[in-house]
Amino acid sequence: MGFLSRKKKNREPAVLEETHPLEEELQGMEEAVPERAANDYEPEFQDDIDVTVPTAGPVPDEGSSSSQAAGEDPSSAPPADEAAPSDAESPAAAVEEEEPEATAPASGVEVGSLRVEEALNGAGKADDDDEPGDARMKAVDLIAPTRLDFLKPQQEVEPEQPVDQPDVIAFANQKGGVAKTTTTLNLAVAFAESGYRVLCIDLDPQGNLTMSQGIDPDKVEHSLYDVLVNDMPISEIIVEREIDIAVASIDLAGAEIAMSTKIGRERTLEKALKEVAADYDFVCIDTPPSLGLLTINALTAANKVIVPVQCEYLSMRGLVQLQNTLRMIQENLNPDVRIEGILPTMLDTRTIHAKEAVEILEENFGDLVFQSRIRKAIKFAEAPVKGASVLKYDSESSAASYYRDLAKEVLANGSA
Ligand SMILES: Nc1ncnc2c1ncn2[C@@H]1O[C@H](COP(=O)(O)OP(=O)(O)OP(=O)(O)O)[C@@H](O)[C@H]1O
Ligand SMILES: [Mg+2]
């Protein structure tokens, strides 16, 4: 039995003739407690009224069936509510079947006040009716108003203040020894020389980047392992050197397995970086020579990827696999990540093979290949031994200029 129908019957004698005795009793109760309920109760209940009426009332189908059964003009019925449920189990459908004499919708306030009255008077009649709508409005619902919280108007949420996001660049290539670490460090230092605030992240269990800054990965107390596995704030493992560096340790090798059962394991680094996002213009992530969970964390946290490629034919074969991984990341985890550029490294311009390798790169990847070239130089092998970048180790060397040129090119492409 529907509230709307009862209300209508109370007002129209023609319908009352067919009314069940319970309805008359209900009418008596309503008169004993007149319109008071509509105005006197808590605002959240008023919210309930407005929300409930369109879906619980018989409005939608009256024009097509109920009104016609009562001999009324269907055209006078209110427009059908698209949101009203139409299956037989829905409250609206139940009302239609049981109360064909219902002729017009009551207002939301009337419906609401009737519900309040029933609830305050014990709702005994409503219980007899077995209607879903009645069951929702038992007194217990009013005693526990928090259950109606979802009906309250949404509080205006203050827009978040835009935070300057750093450019997060992952240096990735699953092939080993192609100058990922060398490029991460020296490009980062070149950015820092230009006045940018730079954080390097050593996501490689080999700890080569950490070592390149004179830090022994075997002796660090806490490392990215603690950040990724134990949710330690990343600020606690950042060490200041030429640039700030979030250090690796050998136990990072166990991080992939330790993280494997973690919910959101691919986004762990991305989340950790939020803590320090406002402190840096660039975050440069060195990755291991694999496409495992650590590299996936880097690609998920990054918005750009730089792919160092040794200028040898065999080194370029893995690029297709890297592209596939990146596509998977874009589709599932990070739609914003893109390849910033492919960087030919360890270029020996004296060999024809190296020249051909660069040509093959450009033919296949076009503009994605950086204009900058990182040529072979012994200084790149010497500098890490001194715990320094090439830019610090021999600032005036041509080796240092390769990475300064690369920094200019990246900045010109619109970074930071
Ligand atoms: N332009 C260069 N000229 C000569 N040697 C270089 C150059 N760049 C890097 N190297 C040397 O090549 C070796 C490998 O470089 P690097 O460690 O940067 O590669 P990687 O891709 O990080 O290796 P891995 O995959 O093992 O992490 C290092 O000894 C480094 O000093
Ligand atoms: Mg490396």
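Above this note sits the structure.
Residues numbered from 1 in each chain as written. Chains lettered and ligands numbered in written order. Predicted model: local features only at pLDDT ≥ 70, side-chain atom pairs only at ≥ 80, totals over all residues. Heavy atoms only, no water.

Break down the overall build of the protein for me, citing the residues and quoting the values.
Check the secondary structure of the protein and you find 23 helices and 7 strands. Out of the 416 residues belonging to the protein, those deemed buried represent 50%. Within the protein, contacts between residues at least 6 apart in sequence are counted, and of these 78% link residues at least 24 apart. About 20,300 Å² of surface is accessible on the protein, with carbon and sulfur atoms providing 50% of the total. (Helix = DSSP H or I, 4+ residues; strand = E, 2+ residues; numbered from the N terminus. Buried < 20%, exposed > 50% of the residue type's maximum accessible area, 1.4 Å probe, protein only. Contact = heavy atoms within 4.5 Å. Areas by Shrake-Rupley, 256 points an atom, 1.4 Å probe, with all protein chains shown as cover.)

For the sheet that holds strand 2 (residues 198-202), give the residues involved together with the corresponding values.
Pairing in this open sheet of 7 strands is mixed, and the strands run 3-4-2-5-1-6-7 from one edge to the other. Each end of this open sheet is capped by a strand with a single partner; those strands are strand 3 (238-240) and strand 7 (338-345). The sheet shows a mean angle of 25° between the axes of neighbouring strands, direction not considered. Relative to strand 4 (residues 244-246), strand 2 runs parallel, the two sharing 3 bridges. In the sheet register, L199 faces strand 4, and the bridge partner there is D244. Along the sheet, helix 12 (residues 180-193) makes contact with strand 1 (167-171), strand 2, strand 5 (282-286), strand 6 (304-310) and strand 7, crossing strand 5 at roughly 165°. (Pairing = 2+ DSSP bridges. Axes fitted to C-alpha atoms, helices over the stretch in contact; angles between N-to-C directions.)

I'd love a proper account of the environment of I215, names of residues and values included.
With respect to the helices and strands, the residue I215 is situated in the loop between helix 13 (208-212) and helix 14 (224-230). Given a relative accessible area of 9%, I215 falls into the buried group. Once the C-alpha coordinates of I215 and A248 are considered, the two residues, 33 residues apart in sequence, prove to be 9.5 Å apart.

Give me the side chain of T300: which residues, what numbers.
Here T300 is to be found in helix 17 (residues 293-301). For T300, a relative accessible area of 1% translates into the label buried. The residues contacting T300, other than those within four sequence positions of it, are E266, R267, E270, I329, L333 and N334.

Which residues make up the packing of helix 17 against helix 19 (residues 319-332), and what values do they have?
Look at helix 17 against helix 19: their axes get within 10 Å of each other, and the N-to-C directions meet at 55°. Overall, the two elements helix 17 and helix 19 adopt an arrangement that is oblique. Crossing of helix 17 over helix 19 shows right-handed handedness. Here I296, L299 and T300 of helix 17 lie close against helix 19, whose contacting residues are T325, L326, M328 and I329. Residues of the contact of helix 17 with helix 19, tallied by class, amount to 5 nonpolar, 2 polar and no charged. (Parallel < 35°, antiparallel > 145°, perpendicular 65-115°, else oblique. Left-handed = near helix turned anticlockwise from the far one by under 90°. Nonpolar A, V, L, I, M, F, W, Y, C, P; charged D, E, K, R; others polar.)

Scope: geometric values only; no functional claims are made or implied.
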